[in-house]
Amino acid sequence: MAKALSLLKTIRNNWKKTLIGTAALSYGVSYGNQVYETGQLMQQHCEEAAKYGDKPCPTNVKPRHITVILNPAAKKRKAKKLFEKYCVPLLHLAGIAVTIIDTQSGSHARNAIINLETPTDAIVVAGGDGTLSDVVTGLMRKYENNLQFVKQCPIGVLPLGNTNTIASKFFKNYTDLSDIHHMIDATMAIVKNNFKLLDVLEIKVSEDNSDTSIKPVYAVGSIKWGAWSDIHGRIDKYWYWGYLRKYAAYVFNGYKSDLNWKCNAVLKYTNPCKGCSHCYSKKISSDQTANSNRRWWHAFLPKTRTFIPDNHVDYSKVINEDCGILHDLTVCTTEIHIKTENANSKSASSIKVSIGPNDISYISFVEKGWDQERYDELDVVQPIVDAKYIELYPEIKNENQMFFIDHEEYELKPIQIRLLPKSITIFYPESSKKTENV
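Because the structure is a prediction, the values reported are computed rather than measured. (Residues numbered from 1 in each chain as written. Predicted model: local features only at pLDDT ≥ 70, side-chain atom pairs only at ≥ 80, totals over all residues. Heavy atoms only, no water.)

A. Here's a closer look at the confidence of the model for the protein chain. For the protein chain, the mean per-residue pLDDT works out to 82, and 82% of the residues sit at or above 70. No element of the protein chain has a lower mean pLDDT than helix α14 (residues 430-437), at 53, and none a higher one than strand β13 (residues 389-394), at 95. (pLDDT = per-residue confidence, 0-100. Helix = DSSP H or I, 4+ residues; strand = E, 2+ residues; numbered from the N terminus.)

B. Seen up close, empty space enclosed by the protein. Tallied over the entire structure, the rule returns three cavities of 30 Å³ or more. Around the second largest cavity, the lining residues are G156, V157, A167, F170, F171, A186, A189, I190, F427 and P429. For the lining of the second largest cavity, the elements supplying multiple residues, two or more each, are β4 (155-159) and α9 (178-192). Considering every element that reaches the lining of the second largest cavity, the biggest residue donor is α9, with three residues. Of the residues that constitute the lining of the second largest cavity, the class distribution is nine nonpolar, one polar and no charged. (1 Å grid on protein atoms, 1.4 Å probe; cavity = no way out; pocket = protein on both sides within 12 Å on 5 of 7 lines; lining within 4 Å. Points joined across faces, edges and corners; volume = space filled by probe spheres on them. Nonpolar A, V, L, I, M, F, W, Y, C, P; charged D, E, K, R; others polar.)

C. Focus on the sheet that holds strand β7 (residues 222-226). Ordered in space as β12-β11-β10-β7-β14-β15, the six strands form an open sheet in which the pairing is antiparallel. Looking at the sheet topology across the chains shown, the edges are occupied by β12 (382-387) and β15 (408-411). Pairs of neighbouring strands in the sheet enclose a mean axial angle of 25°, with direction left out of account. Two elements, strand β10 (residues 335-339) and strand β11 (residues 351-355), share four bridges in a ladder whose sense is antiparallel. Within β11, the residue paired with H337 across the bridge is S354. Where helix α10 (residues 227-234) meets the sheet, its contacts fall on β7, β10, β14 (402-405) and β15, and the angle it forms with β7 comes to roughly 100°. (Pairing = 2+ DSSP bridges. Axes fitted to C-alpha atoms, helices over the stretch in contact; angles between N-to-C directions. Contact = heavy atoms within 4.5 Å.)

D. Expanded view of unusual backbone geometry. Within the chain, K75 stands out as a residue other than glycine whose phi angle is a positive 55°. Counting through the fold element by element, K75 comes out in helix α3 (residues 74-77). Even without glycine at this site, K422 takes up a positive phi of about 50°. Relative to the helices and strands, K422 resides in strand β16 (residues 415-427).

The structure is reproduced here in structure tokens:
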């Protein structure tokens, strides 16, 4: 009893040291527990990956080879370390040869894909939404005369960026070690060869007065324009606020007049079409163009898994008088979002246009901005149109106005947006399939 009283007295007389020691001990226990759980998780999946690597390979089949497009600046410059720690061991144990290409900019990633001559079974994106968009753009430009070749090259998405909008939709929610779980799930999807088709948006400049034509950009996520998008793009300028920078940006910029508060535009669009004689004639024409651009060596390209629709319909006999008819809509709002339906696998392929309110108070604006950063979604935008093709003619007030295509900045200009349904193949985690079927 005397010893217990003496201990309590010592703690009371040295309460500051006691608090610091308790905090340090608590952190140490938590860190040690996290390291142990991570080790157990990696051991479990390493054993699973090794089963694929131990399978005998036929003498006439080469081992799998993938090319990784790595953005070392992603994840606060931790992307490369995380990739080597959690992804590379699983790929090597599965018997997959890996070639890594470090990229320094978007144009570097695109050019790396366009100039890629080494035979590869897949391209893996180790980065965020911007790197994924650059890789897709590079592939689309490389095979612009025959987009069927794009489908034959699966794309892996390792969520190592600051924003992983598309990747995050494929993973189930984990309470602990969610980032590590997602990286492992994405890597195992590559190991297991699980596929899924995604829609792509082709974005072209409508009025190109430059001497050299601007090539189209391709997106798998969204095109955003407005006040909230402007501030989201400025968050990194408030780095000195640390974790709070994404909240401070809205507080300090919500009242400024240089934001795109008024997004005035004329929107021309065609309604979605599941297939008709008009679409069928276009497909025949594009197939003939593709075949005319084939070369003799295309016959020797490796064939990969193909996807055949369940419903075999003769679209040449389906009549849709509204197909291809442009409808006009005048828009005046604070925010415009144009995105694919890739996040919702049960929806038909279409372009969804959503807009925000015409006006909003400063307090509400900041609150909605904080919710967007917290939940990765802006709930003030409401869908108004589903489309297959869009022409957007924005009212340009100054040169500082920007579009954000998959979170990358592009100059605000009149654009044409075309939906390319099921145009790219990605590796898809098994856990997502089970979740969808529930």
